[in-house]
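Report on the structure
Okay, here's what each chain looks like letter by letter:
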Amino acid sequence: MSKIGVFICHCGENISATVDVARVAEAAGQLEGVAFSTDYKYMCSDPGQTMIKQAIKENGLNGVVVGSCSPRMHEPTFRKACQEAGLNPFMCEMANLREHCSWVHDKSEATTQKAIDLVRTLVEKVKLNKPLFSIQVPVTKTALVIGGGIAGIQASLDIASAGHQVILVEKDPSIGGHMSQLSETFPTLDCSQCILTPRMVEVAQHPNIKLMTYAELEKLEGSIGNFKATIRKKAKSIDEDLCNGCGTCTTKCPTKKIPSEFNTGLGMRTAIYVPFPQAVPNKPVIDKENCSYYQKGKCKVCEKVCPTGAIRFDQEDELVELEVGAVVIATGFDIMQPSGFPEYGYGKYKDVITGLQFERLASASGPTLGEIRRPSDGKIPEKIVFVACAGSRDPAKGVPYCSKICCMYTAKHAMLYQHKVHHGKSYIFYMDIRAAGKNYEEFVRRAIVEDEVNYIRGRVSKVYEENGKLIVKGVDTLLSAKPVEIEADMVVLASAAVANPGAEALAQKMHVSYDSYNFFSEAHPKLKPVETNTAGIFLAGACQAPKDIPETVSQASGAASKVIILFSKDELSRDPLIAVVNRSPAPVFSTCVGCFMCASACPYQAIGEELITNRQGKVIKKVAKVNPGLCQGCGTCVAFCRSKSIDIQGYSNEQMCAEVIALLNHE
Amino acid sequence: MTEFEPKIIAFVCNWCTYAGADLTGTSRIKYAQNVKIIRFPCTGRIDFMLLLKSFGEGADGIIVSGCHPNDCHYTSGNFHARRRWIMFRGLLDMLGIDVRRIQYSWVSAAEGFKWADIVNSTVNTIRELGPYTEYEKVAGYLEKEANQ
Ligand SMILES: Cc1cc2nc3c(=O)[nH]c(=O)nc-3n(C[C@H](O)[C@H](O)[C@H](O)COP(=O)(O)OP(=O)(O)OC[C@H]3O[C@@H](n4cnc5c(N)ncnc54)[C@H](O)[C@@H]3O)c2cc1C
Ligand code: SF4
Ligand code: SF4
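Now for a quick tour of the structure. Being a predicted model, the structure only gives us computed values, none of them experimental.

Quick look at the site of ligand 1 now. Residues and elements named next belong to chain A. Around ligand 1, the structure places 37 residues, and the nearest of them are Glu170, His178, Lys412, Lys547 and Ile549. Here isoleucine 549 contributes a backbone N or O atom positioned 2.8 Å from an oxygen atom of ligand 1. Notes on ligand 1: free accessible area 1000 Å², of which the protein chains cover 96%. Among the elements of the structure, helix H6 (150-161), strand E8 (184-185), strand E19 (333-335), helix H11 (355-362), helix H12 (406-420) and helix H15 (549-567) are those that each provide at least two residues to the shell around ligand 1. For the shell around ligand 1, the domains that each give at least three residues are domain 2 (142-234 + 317-332 + 500-571) and domain 4 (335-498).

Given below as structure tokens:
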């Protein structure tokens with residue numbers, strides 16, 4: 001006999017403001033099989049949970065329905081409370097009265113009625129719930145970190161220092177990410193390379209970190225604790241064990257005019273190359289697309305000059321399979337190419353550049369050795385105009401969000417310019433100055449007061465060339481409300497930070513959610529900022545949203561600590577909401593007819609065969625059998641089975657049907 | 001006479017559309033009360049007999065919604081559901097069910113607005129179509145036959 005307890009939460013006023021909670025509790029109390037029903041201000045609070053526990057004990061409840069927020073929020077909380085009161089946790093269900101009812105409807109009779117309907121539906125479901133027991137699975141204590149920017153570096157070092165194995169996969173020939181391209185960093189103006197390079201070296205030397213550069217994730221299978229990752233190691237065309245990094249090949253390679261990615265096209269590189277001098281690993285790769293030998297079948301100069309004979313033209317991509325227990329995604333961001341904004345003249349005029357290009361000009365290791373020189377003629381610009389929000393906060397042509405880092409780096413750029421070119425003049429067109437962060441506002445003030453950077457509030461409408469100058473037309477909306485025109489020598493666009501072009505495909509490979517801008521989605525915007533919706537996969541850095549370095553590093557350490565927590569146990573319990581093939585008594589043993597439609601539908605190859613034998617050991621039947629270690633509980637097999645022999649615990653045919661009937665039938 | 005209030009049942013997957021509908025809530029976007037959600041692990045789990053069962057139990061309209069193609073939490077459950085829907089859609093006519101009574105869509109965890117739109121537009125469509133009575137008529141007829 002069912003003895004269900006119903007607990008309706010006010011959620012402060014979040015539910016009770018539009019739903020008559022007392023009436024919901026009263027109506028639930030009258031349902032058949034409900035032995036106890038009440039409402040309370042905060043069910044998830046300590047007193048709320050105690051109330052549930054007491055009611056279970058005092059009334060001998062064998063099922064619980066909590067009508068409150070989304071189960072995605074508090075299902076674990078209430079299931080745990082039930083367990084503490086001696087009730088199997090899977091005998092507890094939640095009716096979503098907040099996200100799906102009180103928050104989306106106005107106060108009315110219909111809203112309260114809907115709440116009653118939802119509660120009734122879950123009551124009917126829970127009557128058919130069966131006690132279930134968590135499945136224990138072993139944890140593989142190796143982490144896969146994807147992306148070797150500062151986020152991936154930090155996460156790898158933290159996890160490795162806790163004593164676990166880390167495999168760091170980076171798609172480029174070197175780790176370092178965008179931070180390796182930066183000159184000096186706000187808000188302290190310390191040199192980016194100087195603080196980053198030691199970390200990169202630490203990664204390379206850490207005994208617990210295995211670094212795979214020029215490699216990408218091909219496939220990810222399995223689940224938390226036990227993933228199987230396939231990595232594609234792209235052919236570098238060199239034998240890394242033989243190469244000693246002397247660099248003879250890169251100086252002798254005759255194909256020298258390839259725009260360097262690292263220098264954002266402001267410098268050139270050879271076809272066999274190390275992206276930058278401090279690269280880790282400091283060994284070259286051959287860029288097949290541009291190599292004369294691969295393209296035209298002639299050259300092989302590098303092979304001739306290599307003193308160790310390390311060049312391998314016949315090397316092929318290699319697929320490596322790895323067993324890992326957790327994954328950290330740290331693939332960073334990209335910047336939007338401002339070619340969608342013809343008014344700024346990017347791509348048309350050489351001296352209109354992006355912020356990232358300015359970083360390379362200002363960097364001591366850059367193509368101009370840190371002198372600010374115009375790309376067109378190498379002259380030192382006397383006047384620079386910086387355009388903030390070039391693409392950000394522009395729903396029409398760019399992205400609607402704020403890229404967060406541009407206000408700060410634009411202030412930094414103007415400052416660096418003033419420090420290097422004392423007589424120069426710098427102007428920043430901006431919409432608002434967003435400098436929230438420790439010492440950030442002070443930094444911007446310094447730019448304005450000490451370095452006399454001219455901030456003009458307003459937008460730029462056009463940039464065009466006249467007599468070797470770039471004429472910047474804009475408007476000053478703050479002081480004069482008049483049009484402004486500046487004759488500049490260089491224009492720097494703070495182009496928007498956007499998701500990586502490969503982010504969507506990667507998310508689909510890993511089955512994690514991403515937002516409409518293709519940034520990876522966190523599991524909860526406030527309380528689970530480093531988790532994804534897929535257990536065991538975590539996020540670090542700018543792949544989740546644009547971020548500066550301090551924020552990136554904190555999030556990376558956060559993600560690492562989540563991995564370390566996961567690895568602190570040898571076994572992990574998994575929800576038993578998985579498929580099972582029914583077992584009827586002898587002589588049939590199962591209604592399964594052995595068609596294996598389910599096996600062909602299962603995305604995880606979780607369904608195998610089982611032979612049923614009689615007492616003489618003769619096989620009388622072949623039926624389907626679910627491997628609980630592989631089944632993820634999607635239920636695709638259930639909808640396929642013609643004889644209704646396979647069912648999913650917690651979402652059984654009986655339960656779903658009971659829900660449908662209950663939802664649609666009210667007196 | 002009071003206005004016809006359609007009864008609509010929504011079959012949604014836990015990972016995309018259920019989360020999307022949660023986001024509609026957290027964003028406080030309002031929509032009609034007529035649609036009530038039943039949570040499935042995946043659209044691939046949805047046995048389409050449940051859709052027929054729903055009409056039999058008095059539903060006037062149905063929404064089926066899950067992850068966008070390629071976004072399925074379980075790799076391919078939504079593709080199976082889509083294939084099933086294409087087959088099923090063809091049979092509806094034969095059953096005397098107007099195909100417009102079933103709204104098949106994809107709503108991701110980030111599409112709170114889209115969920116509200118789908119709910120409201122489905123409610124409007126079903127309002128225009130009126131109550132679903134065909135099943136009752138047939139059932140009533142069968143009952144009469146049986147009693148004779
Ligand atoms: C012009 C400019 C100036 C800036 N100045 C500052 C500053 O002064 N101070 C500050 O705090 N912040 C600054 N920032 C922000 C800073 O660059 C970022 O906070 C930081 O780089 C984020 O690090 P990340 O590791 O998350 O991403 P990234 O630096 O983008 O690194 C991501 C890494 O992942 C790799 N990767 C991508 N996809 C894959 C894949 N599929 N498989 C394997 N590997 C992959 C990439 O190759 C890269 O190495 C600036 C940004 C810009 C654009
Ligand atoms: S689909 Fe059903 S009947 Fe066919 S093999 Fe699988 S469990 Fe057995
Ligand atoms: S529920 Fe069925 S189809 Fe889904 S993973 Fe488990 S066995 Fe495979």
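All names here are of chain B. The parallel open sheet is built from four strands, whose spatial order is E2-E1-E3-E4. Only two strands of the sheet have a single neighbouring strand rather than two, namely strand E2 (35-40) and strand E4 (102-106). Neighbour-to-neighbour, the strand axes of the sheet open up by a mean angle of 20°, direction not taken into account. Bridge count for strand E1 (residues 8-13) against E2 is six bridges, and the pairing is parallel.

Residues and elements named next belong to chain A. Looking at where aspartate 394 falls in the secondary structure, it is placed in the loop between strand E21 (383-390) and H12. Buried and unpaired, aspartate 394 has no salt bridge, with arginine 459 as the nearest side chain of opposite charge at 4.9 Å. Aspartate 394 has contacts with Phe341, Val399 and Pro400, leaving out every residue within four places of it along the chain.

It is worth spelling out the side chain of serine 237 of chain A at this point. Residue and element names in this part refer to chain A. Positionally, serine 237 belongs in the loop between strand E12 (226-233) and helix H8 (248-252). Owing to a relative accessible area of 0%, serine 237 belongs among the buried residues under this scheme. Among the polar contacts made by the side chain of serine 237, one reaches the side chain of tyrosine 294 at a distance of 2.8 Å.

What follows covers the site of ligand 2. What surrounds ligand 2 is the set Cys592, Val593, Gly594, Cys595, Phe596, Met597, Cys598, Ala624, Cys641, Ser643 and Ile646 of chain A. Here the shell around ligand 2 is composed, by residue class, of nine nonpolar, two polar and no charged.

A full pass over the atoms with the stated rule returns 18 aromatic pairs over all chains. A ring pair is formed by tyrosine 293 of chain A and tyrosine 294 of chain A, whose centres lie 5.7 Å apart and whose planes are at 65°; its orientation type is edge-to-face. Taking the centre distance of 5.9 Å and the plane angle of 25° together, the rings of phenylalanine 341 of chain A and tyrosine 344 of chain A count as stacked. When sorted by exposure, phenylalanine 341 of chain A lands in the same class as tyrosine 344 of chain A, which is buried. Among the aromatic side chains, those forming a connected cluster through ring pairs are Phe48, Trp85, Phe88 and Tyr104 of chain B.

Scoring rules and cut-offs
- Note on numbering: residues in each chain are counted from 1, in written sequence order.
- Chain labels run from A onward and ligand labels from 1 onward, assigned in the order the entries are written.
- Local features are withheld for residues below a pLDDT of 70 in this predicted model, meaning they are given only at 70 or higher, and side-chain atom pairs are given and counted only at 80 or more; totals for whole chains, interfaces and linings count all residues.
- Hydrogens and waters are ignored; side-chain quantities use all the structure's heavy atoms.
- When at least one non-hydrogen atom of a residue lies within 4 Å of a molecule or strand, that residue is treated as near it.
- Polar contacts here mean pairs of N or O atoms no more than 3.5 Å apart (in protein, one a potential hydrogen donor and the other a potential acceptor; neighbouring residues in sequence count only if both atoms are side-chain atoms).
- Per-residue accessibility takes into account occlusion by the displayed protein chains alone, with areas from the Shrake-Rupley method and a 1.4 Å probe.
- Counting from the N terminus, the helices are the DSSP runs of H or I reaching at least four residues and the strands are the DSSP runs of E reaching at least two.
- Domain delimitation in this document rests on an assignment produced automatically or drawn from a domain database.
- Strands pair, by our definition, only if DSSP identifies at least two bridges between them.
- Under this scheme, a helix contributes an axis fitted over its contacting stretch, all axes are lines through C-alpha atoms, and angles between N-to-C directions fall in the 0 to 180 degree range.
- Using a 1.4 Å probe on the protein chains alone, a residue whose accessible area is under 20% of its type maximum counts as buried, one over 50% counts as exposed, and one in between counts as partly exposed.
- Charge counting treats Lys and Arg as positive and Asp and Glu as negative, with His and both chain ends excluded.
- Salt bridges, as used here, are contacts in which a Lys or Arg side-chain nitrogen is within 4 Å of a carboxyl oxygen on Asp or Glu.
- Any two residues whose heavy atoms approach within 4.5 Å are treated as being in contact.
- Only Asp, Glu, Lys and Arg are considered charged, only Ala, Val, Leu, Ile, Met, Phe, Trp, Tyr, Cys and Pro nonpolar, and every remaining residue, Gly among them, polar.
- Centre distance within 6.5 Å is the pairing criterion for rings of Phe, Tyr and Trp, where only the six-membered ring of Trp is used; planes under 30 degrees apart are then read as stacked, over 60 as edge-to-face, and the remainder as tilted.

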